[in-house]
Amino acid sequence: MVPSVTAGGVAERESLVHAASLEKLRESGRLVTAVAGHTVALFLDGDDVRAVDNRCPHMGFPLHRGTCGDGILTCHWHHARFDLETGGTFDPWADDLRTFPVEVADGEIFIDPRPRHDVEAHQRRRLRDGLERDLPLVLAKGVLVVDTREALRIGIEFGTTFRRDGWGRGLTILACMANLLPMLEAEDVPRATYHALAAVAEESAAEPARFALRPLPESQAPAETLARWFRRFVEVRDADGAERCIVSAVRASASKEELARMLFAAATDHRYLEGGHVLDFTNKALEALDAAGWDLAETALGSLARGLSEAERMEESNAWRHPVDLIEILEGAFAELSAALAGPRQPWDGRSRLVDLVLGDDPAAIASALVEALRNGASEVDVASAVTLAAALRIARFPTSNEFGDWDTALHTFTFANAVEQGLRRAPSPELVRGVFDAAMSVYLDRFLNVPATRLPAGEAGAVLDDFAPLLDRQQQVDEAGALVASYVRDGGHYAPLQATLAHLLLREDRNFHTIQSIEAAFRQVERLGDGDDATLMLIAAARYLAAHAPTARAENQTFEIARRLHRGERIYEE
Ligand code: FES
């Protein structure tokens, strides 16, 4: 029997290109041929001729070497299976196989090589597949095609919809990556986006779904009423009530500042919630919306309610109660806040003195100094910035004789302090100023991490950016990395290429939540501080933290590089 028009959809006659003779295909049942720049595998499937892209969509194995039977083509590398007629896969990690419409006439096979799919639309769907099934390679392939902002939006929508516990580390990594994007070399942009989505997928894998609450029906409640109710519900750990308030406020068109104040007030009604993570996540959710679009606010901000309501409050912790009752000190300071903030804000020159005090060992004096600075007209941001610098100094002076896990302690304080400062820049409020005091108390509690304090590096001549990568191929080059930053800056090196280099080195490592946070917060600080010693210190702290946590196995970057090579049409499979 002579086959006629067969697989792969309807061919348009004027687009048909000759591929092979039917007789030749019959000799072996399969053939490889080049058609219009494509390497095409032809198969005889019973009486039908099938034409498919010879590169397996998974990792490029030549499919003419696969097994064909009962209408199913099986790749011989990782055993992905495809419906030979449509190209649809039975293994979602592999992707559907491209097929070509075929026509047979007068014993000759013709195929239509024109693209039939919208490649970007297909990869958008694949990003969702990758998020649902936690498939890093699929995500890496997707971000190389899909617009970066669109990819981030897909990640935010997925993470805030499908994880019962709501906003967590995965989405926070996504927000950090979004903030880093403008500082990256172009080729690192999809790499960062891949890490962002892979972190969300990893955290959501096997988690129960979140069923978001709808806003109050046609509520006319003003934003301040919803904010008051919100804080009241968080106070009694009622996550549902709190979520309904926040989504109602979004639906009622509360401004970005009103929403931020509402969230930050609840996040500072108790002390240093969940080791600082709650306020940091809140700030990151707001920053993610800045990057990806505030039309995602209802789901994104609603996803914060559970974390806020269930967080551990440091009033309940021993360290904040004994041997010194920090809560009592803080409550005394808070009672003075409204008077201290009553006057006009004005230029203030007490930054260095305040930083030294915050790094000291007298919590009552620290709290008094903060109140005093505000009373003297320092802005909320000025005071917050001084505390953030003190927190960064804990990392910059962290001796490697400490226990390794203590890096995390110093990091928590620094990222919390940075989040409070960023929040105050966004939407200042007396409530959020309490966060500055919490951060200062945490810097005080971390004082044992600087005993003995490592000396800040002075820098030597001759450092170049190319020195960083080999340095971070070796373990525990902490002091060397800090010294390299100091030397590079001393030699007149600019921050932007240094930041791009450090970010590149971060992205080549396997994801470590705290390392990502440290780099992102330090870069955010540099953005605010401009040139100068304080900005350099932030980069010294970031480089030291990164060096303490490098090298990793770099398996995640290898997955990204495989996707990149496939995207460029390079071969992964070699004989
Ligand atoms: S299954 Fe085909 S290359 Fe992996």
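The rules we used
- Residues numbered from 1 in each chain as written.
- Predicted model: local features only at pLDDT ≥ 70, side-chain atom pairs only at ≥ 80, totals over all residues.
- Helix = DSSP H or I, 4+ residues; strand = E, 2+ residues; numbered from the N terminus.
- Buried ≥ 20, exposed ≤ 12 C-beta atoms within 10 Å, placed from the backbone.
- Contact = placed C-beta atoms within 7 Å.
- Pairing = 2+ DSSP bridges.
- Axes fitted to C-alpha atoms, helices over the stretch in contact; angles between N-to-C directions.

### What about the overall build of the protein?
Counting its regular elements, the protein contains 25 helices and nine strands. Dimensions along the principal axes, computed over C-alpha positions, put the protein at roughly 95 × 65 × 40 Å. Per-residue burial over the protein gives 49% buried out of 575 residues. Long-range pairs, those at least 24 residues apart, make up 72% of the contacts in the protein between residues at least 6 apart in sequence.

### Observations concerning unusual backbone geometry
Cis peptide bonds are those with omega within 30 degrees of zero, and the linkage from Val451 to Pro452 qualifies with -5°. Relative to the helices and strands, Pro452 resides in the loop between helix H19 (430-445) and helix H20 (468-471). In this structure, the amide linkage connecting Ala550 to the following residue, Pro551, adopts the cis form with an omega of -5°. Inspection of the secondary structure puts Pro551 in the loop between helix H24 (533-548) and helix H25 (555-567). Residue Arg554 is not a glycine yet carries a positive backbone phi of 60°. On the secondary structure map, Arg554 appears in the loop between H24 and H25.

### Some thoughts on the sheet that holds strand E4 (residues 48-53)
The antiparallel open sheet is built from three strands, whose spatial order is E2-E3-E4. What marks the edges here is a single partner per strand, and that holds for strand E2 (30-35) and E4. Here the strands of the sheet are splayed against their neighbours by 30° on average, with no regard to which way each runs. In this structure, strand E3 (residues 38-45) lies alongside E4, joined through six bridges in antiparallel fashion. Opposite Ala41, over in E4, you have Val52 as the bridge partner.

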